[in-house]
Amino acid sequence: MASVTLKNIYKKYAGGVIAVSDFNLEIKDEEFLILVGPSGCGKSTTLRMIAGLEEISDGELWIGDRLVNDIAPKDRDIAMVFQNYALYPHMTVFDNMAFGLKLRKTPKDEIKRRVDEASRILGIEHLLDRKPRALSGGQRQRVALGRAIVREPQVFLLDEPLSNLDAKLRAQMRTELSKIHQRLKTTFIYVTHDQTEAMTMGDRIVVMKDGLIQQVDTPQHLYDLPCNMFVAGFIGSPQMNFIETKVIEKDGQLALEYGSEDTKTTNGKKFQIILPESKLADGKIRERLGKEVIMGIRPECLKDDAEYIAKATNGVVDCKVEVTEQMGSETYLFLNSEGYNFTAKVPPSSKARPGDEIQIAFDVNRIHIFDKDTEETLTN
């Protein structure tokens, strides 16, 4: 098994296009690391550089204690699982899984042992004589994983391996991949654009945008303590609500204010949300007194419960319900307050319906505040 270290890695294409810029990361031995971000952010390019399928323009790539910049992919002791599975259609499952070992002149009994063990781990022992066309999407995915497992590599690279599966099978395979990682105790580096996959599987997540690392942290820390608006909006579903507010002083306390007194376009109300001391510890908010900042709050931190609202001494605002989505275990309320749209995630017992005028209470202890210009957090 091995760690993977990327030092000042760049990928530059002809014409000056920079796909990955100054990428620095230490991936621990046996870690399940996720690279996540929107299409075109550089995550798959980074994975392909680790695999040796893309040339590194600048920087150093270490696998274990070996500098591998100039080492061929076949000699890096890695195995890659692709989005499209890349199975040989004319070969049986056994032969697909064994193919790489045969090329390496591995003894037949060792090949059989490894294929049998991998197929047992993946639950595909009964499929070894079939060809890919006779398999479902999930079975093909397992075969592609099996072909990687039999190589017993130091590092597994997985490039959006679940994106071709339906929602139910994708959820099952997320669980299976986590179990396989625990069983193999090998370093996994996994690329996805699906933040649900990232949150449920990764030991740590690397959030990327425009070829740059935005934040590296555990799933829960990314969710609770995003470093900027991009990370805050990308991680979490539905995404975090953002509202332009002004920092004011009210009764000797700092507060965020939004709304308008222009009754032509709104109800002509201004709402103030007094900030708890926990948000003011380092003085960054006070420095912006009289200036605009962006308030962020996650949908589950907006409450429509009458008992909660009655007890709230701060952060209760008027809203109009525009749309409701009943999800079974929860209900999404799409709201408008003084021209600002945001989403609340409330219990399915909520009585709110489109067109209703209701009150919503902010959980003020879970508010995030971001600089309007830099979009960096002011509260972590």
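Residues numbered from 1 in each chain as written. Predicted model: local features only at pLDDT ≥ 70, side-chain atom pairs only at ≥ 80, totals over all residues. Heavy atoms only, no water.

A. Structural view of the sheet that holds strand β17 (residues 331-337). The 5 strands lie next to each other as β15-β19-β16-β17-β18, forming an open sheet whose pairing is antiparallel. Pairing within the sheet leaves two strands with one partner each, and these edge strands are β15 (302-303) and β18 (340-346). (Pairing = 2+ DSSP bridges. Helix = DSSP H or I, 4+ residues; strand = E, 2+ residues; numbered from the N terminus.)

B. View of the pairing of β18. Here β17 runs beside β18; their pairing, made up of 7 bridges, is antiparallel. Of the residues in β18, the one forming a bridge with Ser 337 is Tyr 340. What sits between the antiparallel neighbours β17 and β18 is a turn of 2 residues, in which Glu 338 has the positive phi angle 55 degrees.

C. Fine view of the packing of aromatic side chains. Tallying each qualifying case throughout the model produces 9 aromatic pairs. Judged by centre distance (5.7 Å) and plane angle (40 degrees), the rings of Tyr 258 and Phe 271 are tilted. Linking Tyr 258 in strand β12 (residues 253-259) with Phe 271 in strand β13 (residues 270-274), this pair joins segments that are 13 residues apart in sequence. For the residue pair Tyr 258 and Phe 271, the accessibility class agrees, reading buried in each case. Feature note: the residues Phe 32, Phe 156, Phe 188 and Tyr 190 constitute an aromatic cluster, connected by ring pairs. Seen from the ring of Tyr 10, Lys 12 lies directly overhead, with NZ or CZ sitting 5.1 Å from the centre. The ring centre of Tyr 308 lies 5.9 Å from the NZ or CZ of Lys 303, which sits over that ring. (Phe/Tyr/Trp six-rings, centres within 6.5 Å; stacked < 30°, edge-to-face > 60°. Buried < 20%, exposed > 50% of the residue type's maximum accessible area, 1.4 Å probe, protein only. Lys NZ or Arg CZ within 6 Å of the ring centre and 35° of its normal.)

D. Structural detail: the pattern of salt bridges. One pass over the full model with this rule turns up 20 salt bridges. Note that Glu 31 and Arg 204 form a salt bridge whose closest N and O atoms lie 2.5 Å from each other. A residue pair is termed long-range when its members are at least 10 positions apart, and Glu 31 in the loop between β2 (18-27) and β3 (32-36) and Arg 204 in strand β9 (residues 204-209) qualify at 173 residues. Arg 204 carries the same exposure label as Glu 31, and that label is buried. It is possible to trace a salt-bridge network through shared partners that takes in Glu 110, Arg 113, Arg 114, Glu 117 and Glu 152. (Salt bridge = Lys/Arg side-chain N within 4 Å of Asp/Glu carboxyl O.)

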